[in-house]
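Examination of the molecular architecture
Chain by chain, the residues run as shown.
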Amino acid sequence: MFRMAEYYAGKSVLITGATGFMGKVLVEKLLRSCPEVKALYLLVRPKAGQSMQQRVSEMMTCKLFDRVREDDPDFHRKIIPISSELTQPGLAISPQDGEKLASCINIVFHCAATIRFDEPLKHALQLNVIATQQLLSLAKQMHHLEAFIHISTAYANCNRKHIDEVIYPPPVEPRKLIESLEWMDDGIVRDITPRLIGDRPNTYTYTKALAEFVVQQEQDQLNIAIIRPSIVGASWQEPFPGWIDNFNGPSGVFIAAGKGILRTMRANNDAVADLIPVDVVINLTLAAGWYTAVHRPKSALVYNCTTGGINPFHWGEIEHHVISSFKRNPLEQAFRRPNANITSNYLINQYWILVSHKFPAFIYDLFLRLSGQKPQMMRIFNRLHKAIGLLEYFSSQDWEWNSENLNMLMSQMTPEDRKTFNFDVRQLNWPEYIENYCIGTKKYVLNEDMSDIPAARQHLRKLRNIRYTFNTVLVVFIWRVFIARSQMARNIWYFVVSLCFKFLSYFRASSTLTN
Ligand SMILES: CCCCCCCCCCCCCCCC(=O)SCCNC(=O)CCNC(=O)[C@H](O)C(C)(C)COP(=O)(O)OP(=O)(O)OC[C@H]1O[C@@H](n2cnc3c(N)ncnc32)[C@H](O)[C@@H]1OP(=O)(O)O
Ligand SMILES: NC(=O)C1=CN([C@@H]2O[C@H](COP(=O)(O)OP(=O)(O)OC[C@H]3O[C@@H](n4cnc5c(N)ncnc54)[C@H](OP(=O)(O)O)[C@@H]3O)[C@@H](O)[C@H]2O)C=CC1
């Protein structure tokens, strides 16, 4: 049997979305575990005043590439950035670059997409569907292409409860939608978007479903596979545990909980939290690339890349482990001690938003105003509420994904490949994973130093003392108000005090007798 690293040896690989979260891990893994790979062509756009070359150079200095750098300090010679803006005609690739790609590329990994849940439909369509169409046209011109791997999402068909590894009929014929939206101005498109996306929660899942159909259309001419990861989280094992570099999906929620800002969120405690580590997704993606190229299945194979059906873990358990992990390894300058509760009840959630989010934010902003500073807490909470409002759909229900193709793929790999490109999530220890995930958000997203943990713990102790003092003052204040105003409150109070007194005398008397 062909080993995977042997297959990738001497191959030229084209990657879109290489500057993104998953793209970076894909580039790193290819360079580290397939050291004989010939070249990685990355389609990158200039951004934020940086040229594409600068962006790629900066990306390669990232800690993620430390292990590759150790093995081969010259690894960057294999990386060839190609200037490309995917929303432009012809992907804005120069004719010379186009010819070069057509003559040398053997495998394409298409990761680029907009993953924003609030993306206007026209833009989401442009990037997730039209750019995919254009990339497929480019792929058809590649003389030595062996596989085209498209990264979709397990939620492309989230309007279904049970999702098989098949491409479902699209909600609308993509070509017709593209033609109709072309002449409409943005206002009209915004107005009709809810009608168009129907029972899907956002333009992201809707356009990803359309993209799958567009990819399927080419299955007679290209060797295609589609990978559908669920909620991609920090790395499990590779290149090191807990690597994460963004606020997307659960990461932002974890950080907000760790900072003590998030106290409540709508989620179903008993629903499966279908998190999947990024290294697992990338290992499966590379295995699918190898299998598609070597075995050339007759039609496009879809791989649902999920954990729920194999090694389930629930949102309630995630909440417990996130909070206890941040108590052991606190984030710096927390607003309050981490303590979040998730509930599926709308009214209870609204109550806690008022009491635990808005009220403290109001008090804190008042304090900032009085001390001559700019208020900021209410603004932070408004942003947080917008973000969690968009995520609630995914944390309030669960889905079942079939994973037959994933199992078949694992059975086709050699034992060594199964180890090097591990995507067997049965071995995943969730509490340990969540602990590393939380530490990863601290180290790699917030760039906090682990040596500051004793000071952060001291800060949490200070917050706890402030809370105890605040609660005591509040109780004394309420008591004073009641006692002063109501005879009944006074009677109850004297009754409780005399009861306590009697108990104390009884215990003292009984302990004297026994001695
Ligand atoms: C303990 C409790 C356990 C329970 C825990 C339940 C977790 C339940 C997770 C379900 C998860 C499903 C995931 C489906 C899986 C997919 O298929 S795919 C991919 C997932 N995609 C995403 O997560 C994208 C979602 N994000 C968005 O759509 C947009 O970022 C938002 C949320 C609408 C915000 O848009 P915006 O207001 O324009 O802000 P944006 O420019 O994006 O960011 C502004 C700032 O907020 C930060 N930020 C962005 N997102 C967040 C965030 N979520 N939080 C905090 N800050 C954030 C940014 O880093 C940025 O910081 P600065 O650079 O300004 O310092
Ligand atoms: N993250 C997740 O939880 C999940 C992700 N997925 C899928 O995985 C894939 C990768 O996601 P992820 O890495 O998280 O996403 P990121 O947002 O981190 O990365 C997106 C990538 O696409 C590139 N890109 C976006 N717009 C353009 C453009 N106009 N021209 C050129 N490049 C562009 C970005 O480049 P730039 O740096 O220039 O912006 C970036 O490299 C996507 O297809 C997504 O749908 C599926 C399930 C879950």
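As recorded by an unreviewed UniProt entry, the chain carries the name Fatty acyl-CoA reductase and is attributed to Takifugu rubripes. Database annotation for the chain, UniProt heading Sequence similarities (unreviewed entry): "Belongs to the fatty acyl-CoA reductase family." UniProt lists a comment for the chain under the heading Subcellular location (unreviewed entry), and it reads "Peroxisome membrane".

1. Description of the packing of helix α2 (residues 21-33) against helix α11 (residues 278-295)
In a pair of packed helices, the angle between the axes and the distance between the axes together describe the arrangement. Contact pair α2 / α11: the axes reach a minimum separation of 9 Å and the direction vectors enclose 60°. Between α2 and α11, the crossing angle belongs to the class labelled oblique. The element α2 and its partner α11 pack so that their crossing is right-handed. In contact with F21, M22, V25, L26, K29 and L30 of α2, α11 contributes V278, V281, I282, N283 and L286. By residue class, the composition of the contact of α2 with α11 is 9 nonpolar, 1 polar and 1 charged.

2. Regarding the site of ligand 1
For ligand 1, the set of nearby residues contains 24 residues, the closest of which are R116, F117, F247, G249 and R383. A distance of 2.7 Å is found between an oxygen atom of ligand 1 and a side-chain nitrogen or oxygen belonging to R116. In this structure, F247 approaches ligand 1 through a main-chain N or O atom, which is 3.5 Å from a nitrogen atom. Protein burial of ligand 1: of its 1300 Å² of free accessible surface, 76% is covered by the chains. Residue assignment for the shell around ligand 1 shows that the elements contributing at least two residues are α10 (250-258) and α14 (377-395). Top element by residues in the shell around ligand 1 is α14. It accounts for 7 residues. For the shell around ligand 1, the residue count by class is 14 nonpolar, 6 polar and 4 charged. Looking at which domains feed residues into the shell around ligand 1, each of domain 1 (4-237 + 273-311 + 400-410) and domain 2 (238-272 + 312-399 + 411-448) gives three or more.

3. So, the site of ligand 2
The local shell around ligand 2 holds 26 residues, among which T19, R45, R55, E85 and Y204 are the closest. Between ligand 2 and T19 there is a distance of 2.7 Å, counted from an oxygen atom to a side-chain nitrogen or oxygen. Every element with two or more residues in the shell around ligand 2 is listed here: α2 and α9 (203-216). The residue makeup of the shell around ligand 2, split by class, is 13 nonpolar, 8 polar and 5 charged.

4. Points about the sheet that holds strand β5 (residues 147-151)
Where strands meet in a sheet, backbone hydrogen bonds hold them as pairs that are either parallel or antiparallel. The parallel open sheet is built from 7 strands, whose spatial order is β3-β2-β1-β4-β5-β7-β11. Two strands lie at the open edges of the sheet, namely β3 (79-83) and β11 (301-305), each paired on one side alone. The mean inter-strand angle of the sheet, taken between neighbouring strand axes irrespective of direction, is 20°. Pairing geometry for strand β4 (residues 107-110) and β5, over 4 bridges, is parallel. Each residue of the ladder has a partner; that of F109, found in β5, is I149. Strands in contact with helix α6 (residues 121-140) are β1 (12-16), β2 (39-44), β4, β5 and β7 (224-229); relative to β5, the strand with the most contacts, it is inclined by about 170°.

The rules we used
Sequence order sets the numbering: in each chain, residues are counted from 1 along the sequence as written. The naming scheme follows written order: chains are lettered A onward, ligands numbered 1 onward. In keeping with the model being predicted, local features are shown solely for residues with a pLDDT of at least 70 and side-chain atom pairs are shown and tallied solely at 80 or more, while totals for entire chains, interfaces and linings include all residues. Hydrogen atoms and water are omitted, and side-chain values are computed over all heavy atoms in the structure. UniProt positions are given in the numbering used here, feature names are shortened, and annotations may be inferred rather than shown by experiment. Throughout, an axis means a line fitted to C-alpha atoms (over the contacting stretch in the case of helices), and angles, computed between N-to-C directions, take values from 0 to 180 degrees. Helix and strand assignments come from DSSP, with helices taken as H or I runs of at least 4 residues and strands as E runs of at least 2, each series counted from the N terminus. The labels follow the angle: roughly parallel below 35 degrees, roughly antiparallel above 145, roughly perpendicular from 65 to 115, and oblique for the rest. In this scheme the handedness of a crossing depends on how the near helix is turned from the far one: anticlockwise by less than a right angle means left-handed, clockwise means right-handed. Contacts between residues were defined by any pair of non-hydrogen atoms, one from each residue, lying within 4.5 Å. Basically, the charged four are Asp, Glu, Lys and Arg, the nonpolar ten are Ala, Val, Leu, Ile, Met, Phe, Trp, Tyr, Cys and Pro, and anything else, Gly included, counts as polar. Note on terminology: near, applied to a residue and a molecule or strand, indicates that one of the residue's heavy atoms is within 4 Å of it. Any pair of N or O atoms that falls within 3.5 Å is considered a polar contact. Within protein, one atom must be able to donate a hydrogen and the other to accept it, and sequence-neighbouring residues count only if both atoms are side-chain atoms. Only the protein chains shown count as covering a residue, and every accessible area follows the Shrake-Rupley method with a 1.4 Å probe. Each domain span listed reflects an automatic or database assignment of domains. Any two strands are treated as partners once DSSP identifies two or more bridges connecting them.

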